[in-house]
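So the chains spell out like this:
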Amino acid sequence: MKLQMTAKKMQIPQTFTDYAEKKLTKLDRFFGDEADARVTVSAFKDDIIVEVTVKYESLIFRAEQRAKDKDDALDACIDKIIRQIRKNKTKVEKRLKSGAFTPQDEGEPVEDQSQYTVVKHKEFHLRPMNIDEAILQMNMLGHNFFMFKNGDTGEVNVVYKRDDGNYAVLEPSKE
């Protein structure tokens, strides 16, 4: 697994990088060497936020954890990703490394969600607007996300409110 470390508003000591490499070997049984892992560590007030994103083929697994200690946050992120994999085992096991799941690896039972139920289907007209207008519209509606047609690019975008109170925009990739 290829590892990329990123720090925001802080320095990452080499001991933490070594610790992260050691801990990420837990995920090797699912992905192998072809996976890309990105660990982002940032300081926010008195806490450390660790975000782990693992990309493998067309799958993306992501976990974020806030804690006082970056080692604890990293451990929690890796545990979250393993739970995500186990929870969706039947859907992802065809794409993961063969032999990723062994009988003793089952851990606690996780409810099977092989079927999803769509409870509402909604259509609406997307009018062109800029990102500021979309955020204003989202806040006026009291939603935590809002889909809109970006007036600058002509693409469909989604703006959403993050847990830290900031906003983010999802845009389609040009690939």
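Structure: above.
Procedures and definitions
Residues numbered from 1 in each chain as written. Predicted model: local features only at pLDDT ≥ 70, side-chain atom pairs only at ≥ 80, totals over all residues. Heavy atoms only, no water. Core = buried A, V, L, I, M, F, W, Y, C linked by side-chain atoms within 4.5 Å. Buried < 20%, exposed > 50% of the residue type's maximum accessible area, 1.4 Å probe, protein only. Helix = DSSP H or I, 4+ residues; strand = E, 2+ residues; numbered from the N terminus. Contact = heavy atoms within 4.5 Å. Patch = residues over 30% accessible without salt bridge, like charges linked within 9 Å, V, L, I, M, F, W, Y side chains within 5 Å. Areas by Shrake-Rupley, 256 points an atom, 1.4 Å probe, with all protein chains shown as cover. Salt bridge = Lys/Arg side-chain N within 4 Å of Asp/Glu carboxyl O. Pairing = 2+ DSSP bridges.

**Q** Sorry, what's going on with the nonpolar core here?
**A** Inside soluble globular proteins, nonpolar side chains tend to come together where they are buried. Membership of the largest hydrophobic core comes to 26 residues, with the highest contact counts inside it found for Leu-27, Phe-31, Val-50, Val-52, Val-54, Leu-74 and Ile-81. Sorting the residues of this core by element identifies helix H1 (14-24), helix H2 (28-31), strand E2 (36-44), strand E3 (47-56), strand E4 (59-67) and helix H3 (70-87) as the ones contributing at least two each. The contacts of Ile-81, once residues within four sequence positions are left out, are Leu-27, Val-52, Val-54, Phe-61, Arg-62 and Ala-63. Among the nonpolar cores identified, the runner-up in size contains seven residues, and Ile-135, Met-138, Phe-146 and Val-159 belong to it.

**Q** So what exactly am I meant to see when it comes to a nonpolar patch on the surface here?
**A** Judged by side-chain polarity, Phe-124, Met-147 and Val-156 come together as a nonpolar surface patch covering roughly 250 Å² of accessible area. Mapped onto the elements, Phe-124 comes out in the loop between helix H4 (89-92) and strand E5 (128-129). According to the relative accessible area criterion, Phe-124 is partly exposed, its value standing at 43%.

**Q** Would you take a moment to explain the pairing of strand E8 (residues 167-170) for this structure?
**A** Looking along a regular strand, one sees the side chains alternate between the two faces of the sheet. Sheet topology note: the strand E7 (residues 156-161)/E8 ladder contains four bridges and is antiparallel. Residue pairing in the sheet places Val-159 in a bridge with Val-169 of E8. Following E7, the chain reverses through five residues before pairing antiparallel with E8; Gly-165 in that reversal takes a positive phi of roughly 95 degrees.

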